[in-house]
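Below, each chain spelled out in residue letters.
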Amino acid sequence: MVDTLPIDITRAKQSRITEVDFSNIPFGRVFSDHMFVADYDGTAWTNLRIVPYQPLQLSPANSALHYGQSVFEGMKAYKNTAGEVVVFRPLDNFHRLNRSAERMCMPPLPEEVFMNGLMELLKLDNQWVPDGENTALYIRPFIFATDNYIGIRASDTYTFMIFTCPVGAYYSEPVRVKIETHYSRATEGGTGAAKAAGNYAASLYPARRAQQQGYHQLVWTDSKTHQYIEESGTMNVMFVIDGKLITTPLSDTILAGITRDSVLTLAREWGYPVEERRIAVSEVIAAAKEGRLQEAFGTGTAATIAQIIQIGHEEQDYMLPPIAERKFSNRVFKALNDIKSGQAEDKWNWVYKL
Ligand code: COI
């Protein structure tokens, strides 16, 4: 914990927690009682406060609404086996939020605003952290521009907020993906490595077309040739081909996933062969045809380890091996859960206790 800044707390008059069916939590639709807010007044982050979760009042001229100057994060809190609330790698999310903010011409957030705001919010709403299988309290920190100005320039003022929602699995079944070879998510020199709101907006139209064809998600390819795998709409992607774990290297078109990093760290620790390199679409398709594509999965905070069961490419669909046969991804899914729940040693200090 870093130096404490004063946070003004206004408690909700009545908790809404009794309205929630914790045995059946949809992703992203149920919000806990409170939210943390801080304002940037042009020179400093001020007015730190926790208030009941409530709608915002914005001017129609709010520049984030028009020009998309907005960045966000996603992380999760869990209950460990001792019943304590823990957060997975929050400082990594903090640093990535500031990298995104820099790319979007926004002021950096001090670590103490992020961490103290988060910790106070979680202490207040700790009853909202579910403990069922595959559940968590999803945490959404975000910063958005608040100048009421219609000219194009970086806003002078901003708001940082954190709200939380108890969640179940993001994907309730193994994922069917389509390799996108026309539209692009990101381009060299663009904003693909930032968790910027607009990146997600731009992905929606191609993703909807794929959903209309029966897929859950796209796998993006490089914007120049469409011959190399990038990432999926909600997660980084990894393949096990001929016993090697292969994923696309980080670049300015790839989001530096924290789950991605955790999986690679565990794989290396286990002595599993890991290759971070460009992956040609043709290599994945050839491996799928020849039965050498043993596993494919996504990694993300919301998605966790999301098994990919089907890959569509150029009007052909390729079915992947049954989930039960996937030794690496099943092992890594369990290992991550064991670290979060306190059942395995946390060698890398990933688990942050309140
Ligand atoms: C996350 O994994 O936290 C994300 O922000 C992705 C979004 C699809 C929920």
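Refer to the preceding data block for the structure.
For the structure given in this document, a descriptive report is provided here. Being a predicted model, the structure only gives us computed values, none of them experimental. (Residues numbered from 1 in each chain as written. Predicted model: local features only at pLDDT ≥ 70, side-chain atom pairs only at ≥ 80, totals over all residues. Heavy atoms only, no water.)

Our next topic: the pairing of strand 3 (residues 45-52). Looking at chain direction, strand 1 (residues 8-9) and strand 3 are connected through 2 bridges and run parallel. Bridged to aspartate 8 within strand 3 is arginine 49. Where strand 2 (residues 34-40) lies against strand 3, 6 bridges are found, and the strand directions are antiparallel. When the sheet's bridge partners are listed, histidine 34 is paired in strand 3 with proline 52. Counting the residues between successive antiparallel strands, the hairpin from strand 2 to strand 3 contains 4 residues, one of them, glycine 42, with a positive phi of roughly 110°. (Pairing = 2+ DSSP bridges. Helix = DSSP H or I, 4+ residues; strand = E, 2+ residues; numbered from the N terminus.)

This next bit is on the site of the ligand. For the ligand, the full set of nearby residues is Phe72, Gly74, Tyr138, Arg140, Tyr170, Lys195, Thr234, Thr301 and Ala302. Threonine 301 places a polar main-chain atom, nitrogen or oxygen, 3.4 Å from an oxygen atom of the ligand. Alanine 302 is positioned such that a nitrogen or oxygen atom in its backbone is 2.8 Å from an oxygen atom of the ligand. In isolation the ligand offers 280 Å² of accessible surface; the protein chains occlude 90% of this area. (Near = heavy atom within 4 Å. Polar contact = N/O pair within 3.5 Å; in protein donor to acceptor, adjacent residues only side chain to side chain. Areas by Shrake-Rupley, 256 points an atom, 1.4 Å probe, with all protein chains shown as cover.)

A few words on the pattern of salt bridges. Counted according to the given criterion, the structure contains 21 salt bridges. Across the pair arginine 176 and glutamate 173 runs a salt bridge, and its minimum N-O distance is 4.0 Å. Note that glutamate 276 is salt-bridged to arginine 260, the shortest N-O span being 2.7 Å. With glutamate 276 in strand 14 (residues 274-276) and arginine 260 in helix 5 (residues 258-269), this pair connects stretches of sequence that are 16 residues apart. By relative accessible area, arginine 260 is classed as buried at 3%. Connected via shared salt-bridge partners are Lys244, Glu275, Arg277 and Glu283. (Salt bridge = Lys/Arg side-chain N within 4 Å of Asp/Glu carboxyl O. Buried < 20%, exposed > 50% of the residue type's maximum accessible area, 1.4 Å probe, protein only.)

Below, the discussion takes up the nonpolar core. In terms of nonpolar packing, the biggest core is built from 73 residues, with Phe36, Phe160 and Leu245 touching the most fellow members. Here leucine 245 is in contact with Met238, Phe239, Val240, Val263, Leu264, Ala267, Tyr272, Pro273, Val274, Glu275, Phe297 and Phe328, once residues within four sequence places are set aside. (Core = buried A, V, L, I, M, F, W, Y, C linked by side-chain atoms within 4.5 Å. Contact = heavy atoms within 4.5 Å.)

In this section: unusual backbone geometry. In this structure, glutamate 314 takes a positive phi of about 45° despite not being glycine. Structurally, the position occupied by glutamate 314 is in the loop between strand 16 (304-313) and strand 17 (316-319). Judged by relative accessible area, glutamate 314 falls into the exposed class, the value being 60%. The residue glutamate 315 is not glycine, and still its phi comes out positive at about 65°. Within the secondary structure layout, glutamate 315 lies in the loop between strand 16 and strand 17. Residue classification places glutamate 315 among the exposed positions, given a relative accessible area of 81%.

Below, the discussion takes up the packing of aromatic side chains. Within this structure, the stated rule accounts for 21 aromatic pairs. Ring geometry for phenylalanine 142 against phenylalanine 163: centres 5.9 Å apart, planes inclined by 75°, an arrangement best described as edge-to-face. Separated by 21 residues along the polypeptide, phenylalanine 142 in strand 7 (residues 136-145) and phenylalanine 163 in strand 8 (residues 158-167) bring together distant segments of the chain. By relative accessible area, which is 16% here, phenylalanine 142 ends up buried. Taking the centre distance of 5.9 Å and the plane angle of 65° together, the rings of tryptophan 270 and phenylalanine 328 count as edge-to-face. One end of the pair, tryptophan 270, is in the loop between helix 5 and strand 14; the other, phenylalanine 328, is in helix 7 (residues 327-341), with 58 residues separating them in the sequence. With relative accessibility at 23%, the residue tryptophan 270 sits in the partly exposed group. Joined through ring pairs, the aromatic side chains of Phe31, Tyr53, Phe142, Phe144 and Phe163 make up one cluster. (Phe/Tyr/Trp six-rings, centres within 6.5 Å; stacked < 30°, edge-to-face > 60°.)

By secondary structure assignment, the location of asparagine 199 is in helix 4 (residues 197-212). In this structure, asparagine 199 is in contact with Arg185, Thr191, Gly192 and Ala194, ignoring residues within four places of it in sequence.

The next point concerns the environment of tyrosine 170. Within the element layout of this structure, tyrosine 170 appears in the loop between strand 8 and strand 9 (175-179). For the pair tyrosine 170 and threonine 135, spaced 35 residues apart in sequence, the C-alpha to C-alpha distance is 9.7 Å. Once residues within four sequence positions are removed from consideration, tyrosine 170 is found in contact with Phe27, Thr234, Ala302 and Ala303.

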